[in-house]
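# Coordinate analysis (summary)
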Amino acid sequence: MIALRGLTKRYGTTVAVADLSLRVEPGLVTGFLGPNGAGKSTTMRMVVGLDRPTAGTALVGGRPYGSLRHPLREVGALLDANAVHPGRSARRHLLAMARSNGIAASRVEEVLAAVGLAEVAGRRAGAFSLGMGQRLGIAGALLGDPGVLMFDEPVNGLDPEGVRWVRELMRSLAAEGRTVFVSSHLMSEMQLTADRLVVIGRGRLLADAPIEEVLGGPQERVLVRGRDLPRMLATLPQGARVVGEPPGALVLSGVTAQQVGDAALAAGVAVHELTPQRASLEQAYMELTAGSVEYTSGRKS
Ligand SMILES: Nc1ncnc2c1ncn2[C@@H]1O[C@H](COP(=O)(O)OP(=O)(O)OP(=O)(O)O)[C@@H](O)[C@H]1O
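Quick caveat: nothing in here was measured; it's all calculated off a predicted structure.

## As for the domain arrangement of the chain
Each domain of the chain was delimited in the assignment, giving domain 1 (2–214) and domain 2 (221–278). One C-alpha centre belongs to domain 1, the other to domain 2, and the line joining them spans 45 Å.

In C-alpha cells:
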C-alpha cells in the first residue's frame, strides 16, 4: 500500500503538490490522472525518495522509502524510461540494479524474458527505441518482485501490441495482490485498465474513487435510430428524457435499451439501431479537470 498524508511540494513559488492525502490499495490498479503539470510525476518521485516533500509524508507499506533496506524488493517504479546509462547493455543495467539490492542474477533473465527483451539484452540501451526503453524500465520495476509498483506513463511510445501487453501486465500484477499505481494521459486505456482513479489538478486532489463512480454510476444513455422516432417518444415510460439529437437518432436517458425497444414495438416504429452508451472516461475527466488545466491551446471550443 502507498499512503500519502498532507503531501506537499513547492518549487519556489510553484506549488507542485498541495496537501495530498490518499491511500493506494493492494489488489487494484489505481489510475493516476491529471493535466500536464498537475503534479503526478512529483508525487511519484516523492514516494520513492527522489524528491523531498516540503511537508507531509509518503509511506510504502507503512514505512518511508528511505528506511527500506532493499527498496527494489518493496517498490518497483518506472519513472523515467531514459534514466539508463546509454552505453550499458540492458542486461548489465539490470544486473547492476540487482546487485545493489541483493537480488539474484537469475532474476535478471526472468524479467528480460517477461518484458520481451531477452533477445536484445546484450545491445546498448542507448540504441533502444522508445518502446524498448519503456520495456526495460518496466523490467527494472519488476526486478525485485515488489508488492508495490508505480508506473509513470508506461504506454508512452508503445505500439498497440505493447499497449495491450502493459494493460494485461497491470491487471495481472493487481490480481496477484500487488499495489499498482499508474499514471496515463490515455483515457480510453485507463478506462480498460483501472479499478480506481485518483485525479489531481494543480497539485490538489479532485477525485479518489472507484472508476464507476467517476464515470457517474450505472446511469446509461441509449441511442436509438429509426423511423418516426417522435411517435415512439409518447410511449416511453416516465422519466425518459431526450438528451441528444444526432442526425436521424435520439439519445435518451432515464430508460434502458430494453424499455426503448418495447416502446418502439408498442408504437409500431421501426428501429434501425439501439445502443446503450456508457459515459466515457475522457468526458468525465474533462469535466473534473476543467478548472485545473494549466497549459491550454489558444483555441476555445
Ligand atoms: N525540479 C523542478 N523545479 C521546478 N519546478 C518543477 C520541478 N519539477 C516539477 N516542477 C513543476 O511542478 C509542477 C508539477 O510537475 P509534474 O511534472 O509533477 O506534473 P505532471 O502531472 O507529472 O505533468 P505531466 O503530465 O506533464 O508529466 C509543474 O508546474 C512543474 O513545472
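## A short note on the site of the ligand
If you check the shell around the ligand, you find Y11, T14, A16, G34, N36, G37, A38, G39, K40, S41 and T42 and nothing else. Counting only elements with at least two residues in the shell around the ligand, the list comes to β2 (14–24) and α1 (40–47). Take the shell around the ligand: its biggest share by element is three residues, from α1. For the shell around the ligand, a count of residues per class yields three nonpolar, seven polar and one charged.

## Thoughts on unusual backbone geometry
Phi is positive for D145, which is not a glycine, with a value near 50°. Locating D145 in the fold gives a position in the loop between α5 (130–142) and β7 (148–152). Located in the positive-phi region is D228, a residue other than glycine, with phi close to 55°. Summarising the element assignment, D228 is placed in the loop between β11 (221–226) and α9 (229–233).

## Focus on helix α4 (residues 106–114)
Listing the buried residues of α4 in full gives V108, V111 and L112. Taken around the axis of α4, the buried residues stretch over an arc of 105°, which confines them to a single face. The elements touched by buried residues of α4 are α3 (90–100) and α5. Taken from the residues just after α4, G116 is the one with a positive phi, measuring 80°.

Definitions and cut-offs
The residue numbers shown here count from 1 along each chain, following its written sequence. Where local features are concerned, this predicted model is filtered to residues with pLDDT of at least 70; where side-chain atom pairs are given and counted, the filter is 80 or more; whole-chain, interface and lining totals use all residues. Each domain span listed reflects an automatic or database assignment of domains. Near, for a residue, is defined by distance from a backbone-placed C-beta atom to a molecule or strand, with 6 Å as the limit that must not be exceeded. Numbered from the N terminus, helices here are DSSP runs of H or I no shorter than four residues, and strands are runs of E no shorter than two. Amino acids outside the nonpolar list (Ala, Val, Leu, Ile, Met, Phe, Trp, Tyr, Cys, Pro) and the charged list (Asp, Glu, Lys, Arg) are all regarded as polar, and Gly is one of them. Field definition: a residue is buried when 20 or more other C-beta atoms are found within 10 Å of its C-beta, exposed when 12 or fewer are, and partly exposed for counts in between, with C-beta atoms placed from the backbone. The directions considered for the arc are those from the helix axis to the C-beta atoms. Here, residue contact means that the backbone-derived C-beta atoms of the two residues sit within 7 Å.

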